[in-house]
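Summary of structural features
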Amino acid sequence: MPHVKILEEVCKGCGLCCDGICPVNILILSPGRINSNGYHPAEVTDNSKCIGCGYCFKVCPEPAIEIYK
Amino acid sequence: MQQIFGRPQGLTDVLQRYCPGCGHGVVHRIIGELLVKLNIRERTVGIAPVGCSVFADEYFNCDMIQPPHGRGPAVSTGIKRTRPNCIVFSYQGDGDLAAIGTAEIVHAAARNENITVIFINNAIFGMTGGQMAPTTLPGMRSTTSVQGRDIKKQGYPIKVCELLAGLDGPYYLVRTAVNTPKNVIATEKAIKNAFVNQVDNKGFSLVEILSMCPTNWGMTPVQAKKWTDESMIKYYPLGEYRNRAKEGK
């Protein structure tokens, strides 16, 4: 099963991956968490739905996203 | 469990100091992946520009040189001619390539120098604080055109791909963007072509990439992504402006 991993300390919370890019809509900007640079990192709501398309990785400028299969 | 997408070996582990939502990171990642995929990392020399990506030498995991402002194509020419076995890419922004370095890029293209140029166009001077660049759109606000760029006073933006397409020299000229997954995939293909052309000794390749600058455009990254679609791509149409591989020359 593919699953996506967010590197929270690398993420700058730009939100590009959360804006309708994900075909199954499982990425949001975490409202409660905050990383050591002061950004709200992206968060995966339901990893079992991930289809491993890699769209979130393609638009991530850092890249703070890793996808495993 | 196998990693199918992740940080490529062509990039170092240094955290990039770009603003959130900046397009530079996506292009860095694409180049980092290609250095490994094409197996050219050991013999690649990159040219870092002056601008936001001035620290690109810390981010790319290959040899890098940081020449004076705008002189990327000239320094690339020198390296390529003295060490023809090296793969040389010049990474430049619009302040570097379209303002102070216009002469260098035009002559490198006219000579069909066997180098790869990656041109990041975000329509503004990013590092110095959002001043008007040669590529700023008509009516677009910046810190030195607070009422919007007035074409009667400041003239029209420079369209680099169209400008260079007027020359006989260049081998490959293309304009892409990095705001959506579709455009990023097109950019990956274009940059790959640009590197393969150099490996095959074909000649001058330039990839112009429309990039987002949310900080200096005064927008959120998501708004900047939409604005790229609505304004930037309208003024700077995407596509190939020269591909001599297709023309069969």
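Reference entry: report on the structure contained in this document. (Residues numbered from 1 in each chain as written. Chains lettered and ligands numbered in written order. Predicted model: local features only at pLDDT ≥ 70, side-chain atom pairs only at ≥ 80, totals over all residues. Heavy atoms only, no water.)

Let's talk about the pattern of salt bridges
Worth spelling out the cut-off: Take a side-chain nitrogen of Lys or Arg and a carboxyl oxygen of Asp or Glu: if they are within 4 Å of each other, that pair is a salt bridge. The helix and strand labels rest on DSSP assignments: H or I over at least four residues marks a helix, E over at least two residues marks a strand, and numbering proceeds from the N terminus.
The final tally for this structure, using the stated rule, is 15 salt bridges over all chains. Residue Arg17 of chain B pairs with Glu58 of chain B through a salt bridge whose shortest N-O separation is 3.0 Å. Residue Arg17 of chain B is found in the loop between strand E1 (3-5) and helix H1 (24-37), and its partner Glu58 of chain B is found in helix H2 (residues 56-59); the two are separated by 41 residues along the sequence. What emerges from the salt-bridge pattern is a single network uniting Lys58 of chain A together with Arg29, Glu33 and Glu188 of chain B.

As for the side chain of Thr176 of chain B
Residues and elements named next belong to chain B. Short version of the rule: For the exposure calls, accessible area comes from a 1.4 Å probe over protein chains only, and a residue counts as buried if that area is under 20% of its type's maximum, exposed if over 50%, partly exposed in between. Contacts described as polar in this section are N or O atom pairs within 3.5 Å, which, within protein, must combine one atom able to donate a hydrogen with one able to accept it, while residues neighboring in sequence count only if both atoms come from side chains.
Tracing the backbone through its elements, the reader meets Thr176 in strand E6 (residues 172-177). Look at Thr176 and you get buried, because its relative accessible area is 6%. Here the side chain of Thr176 touches Thr187 through a polar contact of 3.1 Å, side chain to side chain.

What to know about the layout of surface pockets
It is the rolling of a water-molecule-sized probe over the atoms that shows where space remains empty. All names here are of chain B. Worth spelling out the cut-off: Two kinds of site are reported from a 1 Å grid over the protein atoms alone, namely cavities, where a 1.4 Å probe fits but cannot get out, and pockets, open sets with protein on both sides within 12 Å along at least five of seven lines, and residues are called lining when an atom falls within 4 Å of a point. Grid points are joined across faces, edges and corners, and a volume is the space filled by probe spheres set on the points.
Estimates place the volume of the largest pocket at around 470 Å³. Lining of the largest pocket is provided by 29 residues; of these, Gly51, Cys52, Ser53, Gly126 and Met127 occupy positions nearest its centre. At the level of elements, helix H4 (94-100) and helix H9 (214-217) are the ones that each hand at least two residues to the lining of the largest pocket.

Things to note about the sheet that holds E1 of chain B
Formally: A pair of strands is considered paired only if DSSP assigns at least 2 bridges between the two. For helices, the axis comes from a line fit to the C-alpha atoms of the stretch in contact; other axes are also lines fit to C-alpha atoms, and the angle between any two N-to-C directions lies between 0 and 180 degrees.
Across the sheet, which stays open at both edges, the three strands sit in the order E1(A)-E4(A)-E1(B) with antiparallel pairing between neighbours. Either end of the sheet is taken by a strand with one partner, and the two such strands are strand E1 (3-6) of chain A together with E1 of chain B. In this sheet, adjacent strand axes meet at a mean angle of 35° when their direction is disregarded. As judged from the four bridges shared by E1 of chain A and strand E4 (residues 65-68) of chain A, these two strands associate in the antiparallel manner.

Concerning the packing of aromatic side chains
Residues and elements named next belong to chain B. For the record, the criterion: Here a Phe, Tyr or Trp ring, Trp counted by its six-membered ring, pairs with any other such ring whose centre lies within 6.5 Å, and the pair is stacked when the planes are under 30 degrees apart, edge-to-face when over 60, and tilted otherwise. Put simply, a charge is over a ring when the Lys NZ or the Arg CZ is close to the ring centre, within 6 Å, and near the line of the ring normal, within 35 degrees.
A complete count under the given rule lists seven aromatic pairs over all chains for this structure. Here a set of aromatic residues connected by ring pairs shows up, and it is made of Phe60, Phe89, Tyr91 and Phe195. Residue placement shows Lys159 over the ring face of Tyr235; its charged tip is 4.5 Å from the ring centre.

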